[in-house]
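Residue-level structure breakdown
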Amino acid sequence: MTLFSALRRPATCATLLLSLGLFGCASFDPPPTGPADDVSDIVHAAESAASAAAASAPASAATSDTGPAVAAPIDPLRPDEKVDLNAAAANADLWTRLRRGFAIPDMNTPLVQKGEQWYASRPDYVQRMTTRGSRYLFHIVEEVERRGMPTELALLPFIESAFNPQAVSSAKASGMWQFMPATGKYFELRQNVFRDDRRDVLASTRAALDYLGKLYGMFGDWQLALAAYNWGEGSVQRAIKRNQRMGLPTDYQSLRMPDETQYYVPKLQAVKNIIARPADYGIALPALENHPYFLSVPIERDIDVSLAIALAGVSRDEFHTLNPQMNKPVILAAGTPQVLLPYDNASQFIRNIGVHQGPLATWTAWVAPSTLHPAEAAKRVGMHEAELREVNKIPPSMLVKAGSTLLVPRAQSLTRDVSPELADNAALSLTPDAPPLRRVALRAGKRDTVATVAKRYRVTPHQVAQWNKTSASAKFHPGETIVVFVAQKAARGHTSVRSTKAVHATKGSAAKKSSAKKKAAPAKPVVKKKR
C-alpha cells in the first residue's frame with residue numbers, strides 16, 4: 001500500500017494533515033433511506049473521519065457541525081519531521097536537486113533540436129509554464145525519488161499539460177498528467193458528480209508514477225515506457241513484435257510509431273536540456289526552494305468551497321489551482337479527506353476552522369427516488385428549477401433518472417454528512433424529456449408523399465418512412481392508410497388534414513353517384529389510443 005493510499009483511509013486522515021509540496025503536472029444507484037421529499041432522510045450518514053482522533057479530542061469534535069478541533073499541518077511524505085522553512089536543506093535549490101537525479105539516457109536527434117528551438121523561441125511561455133509548475137514540482141520530485149525513479153519523470157507534465165491541472169485534451173484526457181477516463185479508473189482515480197481525481201494533484205501524481213513504474217516493469221527501458229504512456233502499452237508491444245519479426249532493433253528510435261509518439265521522448269529531452277542548461281537557451285527559470293509550496297489540511301466534515309476559501313484567506317483562483325478536482329461548490333469529507341493550501345494559508349485555515357461557529361456546509365447530496373422532471377425534483381428539495389439545473393448542469397428537455405445524485409441545499413437541522421459510498425460513486429443520469437405521443441391514422445390523398453406528410457406533421461421523412469415501413473422518398477397511393485405519431489396536444493388539435501383526401505368505401509348507388517359528382521371532403525384523422 002502506498003503512503004497516499006493509507007492517507008485516504010478515514011481513520012488515518014483524522015490524525016494526519018496531508019501536505020505534499022511543491023515547486024516545480026460507474027453508475028451507482030443507492031436506494032433512498034426515507035421519504036423522497038425529505039432531504040435529511042435521503043442523505044446517507046457518513047462514516048466518522050475522526051475515529052483515530054477520538055482519544056485526544058472531545059467526543060463532539062467528530063459530530064459537531066461547528067467544526068472539529070484539528071492539529072497543525074505536516075508533510076505526510078515526512079510525517080516525523082517538522083516542516084521548517086528556515087532549515088538549510090529547505091533553502092537549497094530544487095532545480096539542482098532535480099538535475100542530480102537525471103538518469104534516462106540522453107537522445108540527440110533532429111526532433112530534440114526541433115523541441116529545443118520551439119521552447120527557446122518562446123521564453124514567455126516557458127516562464128509561465130515553469131512558474132505554474134513551481135507549485136507542484138517539490139511534491140513530484142519527492143515522490144519520484146522515494147520510488148527510486150529518474151527525476152526526468154517530474155518534468156513530464158511540462159509536455160503533457162504545461163503543468164495545467166485543469167487541462168482537457170480533445171480526446172478527453174484530463175489533468176496535468178493527462179489521464180484518459182478508462183485509464184484513470186484503472187488506477188483508482190474517481191470520476192463522479194463531486195470530483196474528478198484525474199485533476200487531483202496528489203492522486204494523479206500517485207497514479208501517473210504507478211503507471212510509469214508498471215510500464216518500466218514491462219519494457220525495462222524508460223524511453224519505451226514513456227512511449228507506452230503516450231501511445232499505450234499494447235501499441236508499443238505490437239511495434240516491438242513487428243520489428244522482431246523483421247529482424248530489426250526494438251529500441252525507441254527504431255520503432256514505427258505515430259508522429260506524436262515519435263516526438264514525445266525528444267520533446268521531454270528538449271525540456272530536460274533547457275532545465276539542465278537554461279542560460280544556453282536564453283531561458284530564466286524561477287527560483288525554486290527545496291521545501292513544500294503547499295501543505296494539506298484535513299477535511300473531517302462536509303464544507304462549502306466558499307467557506308474553506310474564506311477560512312484559509314486564499315484567493316479563489318489559488319484554491320482551485322491546488323484543488324482542481326472539485327466539481328461542485330461543496331467538499332465532501334468522505335471523498336476528499338484533505339485540501340491543499342499554501343503554507344501560511346494552511347495554518348490560518350487550521351486556526352479559523354477551530355473557532356468557526358455555525359454550519360460548515362449548506363449543500364448536500366440527494367438521490368432521486370424515481371425518474372423526475374427537474375421542476376418536480378426542485379420542488380421536492382426546496383429549490384428553484386433554474387438553480388437546480390445550473391448547479392447540477394442539467395440541460396433543457398432532459399429528465400433526471402431514478403438513482404441519480406443531485407446537489408441540493410442542506411437543511412439546517414441535518415447533522416449527517418454524505419456517506420463514503422455516495423461520495424465515491426455519485427452519478428447523474430439523464431434521459432430525454434419526450435412528450436407523450438399518440439398514434440394518428442389517416443388516408444392518403446392523390447399527391448401525398450412521405451415528405452409532404454412529414455412536413456405537415458413537423459417530423460422527419462425518416463420517421464414517417466419508419467412508421468409506415470417504406471422509404472423516405474416513397475409516394476402514397478390515394479386512399480392508402482398512413483400512420484404518424486404526434487404529441488397528444490397536436491393530435492387533439494387536428495380536426496382536418498388539408499391535403500389528404502378521404503376515400504370512403506360506401507354502399508348504394510346514391511352514394512356512388514354523389515361521390516362521382518362531388519370532390520371528396522377533407523377527412524378528419526382517425527385518432528386511436530396509444531398502443
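What you see is a predicted model; the values in this text were computed from it and never measured. (Residues numbered from 1 in each chain as written. Predicted model: local features only at pLDDT ≥ 70, side-chain atom pairs only at ≥ 80, totals over all residues. Heavy atoms only, no water.)

1. A word on the environment of Val 450
Looking at where Val 450 falls in the secondary structure, it is placed in helix α20 (residues 450-456). On the basis of relative accessibility, which here comes to 0%, the residue Val 450 falls in the buried class. Expressed as a C-alpha distance, the spacing of Val 450 and Ser 471, which sit 21 residues apart in the sequence, is 7.9 Å. (Helix = DSSP H or I, 4+ residues; strand = E, 2+ residues; numbered from the N terminus. Buried < 20%, exposed > 50% of the residue type's maximum accessible area, 1.4 Å probe, protein only.)

2. As for the packing of aromatic side chains
Scanning the entire structure with this criterion turns up eleven aromatic pairs. Their ring planes at 45° and their centres at 5.0 Å tell us that Phe 187 and Tyr 211 sit as a pair that is tilted. A residue pair is termed long-range when its members are at least 10 positions apart, and Phe 187 in the loop between α9 (181-186) and α10 (201-219) and Tyr 211 in helix α10 qualify at 24 residues. Each member of the pair, Phe 187 together with Tyr 211, is buried. (Phe/Tyr/Trp six-rings, centres within 6.5 Å; stacked < 30°, edge-to-face > 60°.)

3. Remarks on empty space enclosed by the protein
In this approach a probe as big as a water molecule rolls over the atoms, and the regions it shows empty are the leftover space. Approximately 70 Å³ is the volume found for the largest cavity. Lining the largest cavity, in full, are Ile 104, Pro 105, Glu 152, Gln 223, Leu 226, Val 265, Leu 268, Gln 269 and Lys 272. Breaking the lining of the largest cavity down by element, the ones donating at least two residues are α11 (222-231) and α13 (259-276). Here the element with the most residues in the lining of the largest cavity is α13; it accounts for four residues. Residue composition of the lining of the largest cavity, by class: five nonpolar, two polar and two charged. (1 Å grid on protein atoms, 1.4 Å probe; cavity = no way out; pocket = protein on both sides within 12 Å on 5 of 7 lines; lining within 4 Å. Points joined across faces, edges and corners; volume = space filled by probe spheres on them. Nonpolar A, V, L, I, M, F, W, Y, C, P; charged D, E, K, R; others polar.)

4. Brief notes about the nonpolar core
In this structure, Leu 156, Trp 177, Phe 179, Leu 226 and Tyr 229 are the most contacted members of the largest nonpolar core, which totals 67 residues. Element by element, the count of residues in this core is highest for α10, at ten residues. Counting 27 residues, the second largest nonpolar core, distinct from the first, contains Val 330, Ala 368, Val 400 and Leu 407. (Core = buried A, V, L, I, M, F, W, Y, C linked by side-chain atoms within 4.5 Å.)

5. Focus on helix α16 (residues 343-355)
Along α16, the residues classified as buried are Asn 345, Ala 346, Phe 349, Ile 350 and Ile 353. The buried residues of α16 occupy an angular sector of 145° when the element is viewed end-on, so they sit on one face. Turned more than 90 degrees from where α16 packs its buried face, Asp 344, Arg 351 and Val 355 sit exposed. Considering only its buried residues, α16 is in contact with β1 (294-298), β2 (303-304), α14 (305-312) and β4 (338-342). (Arc of directions from axis to C-beta. Contact = heavy atoms within 4.5 Å.)

6. Things to note about the pattern of salt bridges
A full pass over the atoms with the stated rule returns 21 salt bridges. Ionic pairing is found between Asp 448 and Arg 456, a salt bridge with its closest N-O pair at 2.9 Å. Each member of the pair Asp 448 and Arg 456 is classed as buried. (Salt bridge = Lys/Arg side-chain N within 4 Å of Asp/Glu carboxyl O.)

7. Description of the layout of surface pockets
Estimates place the volume of the second largest pocket at around 420 Å³. Mapped by element, the contributors of at least two residues to the lining of the second largest pocket are α8 (156-161), α11 and α13.

8. Observations concerning the confidence of the model for the protein chain
Counting all residues, the mean pLDDT for the protein chain is 81, and 75% of those residues have values of 70 or more. Confidence drops under a pLDDT of 50 for residues 1-70, and excluding neighbours within four residues, the segment shows 210 contacts in the predicted structure. For the stretch residues 490-531, pLDDT sits under 50, and the model shows 51 contacts to residues farther than four places along the chain or on other chains. (pLDDT = per-residue confidence, 0-100.)

9. Thoughts on the packing of α10 against α11
Between α10 and α11, the least distance of the axes is 8 Å, while the angle of their chain directions is 125°. Viewed along their axes, α10 and α11 adopt a mutual orientation that is oblique. By crossing handedness, the relation of α10 to α11 is classed as right-handed. Across the interface between the two elements, Ala 208, Tyr 211, Leu 212, Leu 215, Tyr 216 and Phe 219 of α10 pack against Trp 222, Leu 224, Ala 225, Leu 226, Ala 228 and Tyr 229 of α11. Split by residue class, the contact of α10 with α11 holds twelve nonpolar, no polar and no charged. (Axes fitted to C-alpha atoms, helices over the stretch in contact; angles between N-to-C directions. Parallel < 35°, antiparallel > 145°, perpendicular 65-115°, else oblique. Left-handed = near helix turned anticlockwise from the far one by under 90°.)

10. Remarks on the environment of Leu 94
By the element assignment, Leu 94 lies in helix α4 (residues 94-100). Note on Leu 94: relative accessible area 2%, which makes it buried. It is 7.3 Å that separates the C-alpha atoms of Leu 94 and Phe 138, two residues lying 44 residues apart in sequence.

11. What to know about unusual backbone geometry
What you tend to see is this: most non-glycine residues have negative phi, and most peptide bonds are trans. A positive phi angle, near 75°, is found at Lys 172, a position not held by glycine. With respect to the secondary-structure elements, Lys 172 resides in the loop between α8 and α9. Residues other than glycine seldom take positive phi values, yet Ser 397 does so here, at roughly 60°. Structurally, the position occupied by Ser 397 is in the loop between α18 (385-392) and β6 (398-400).

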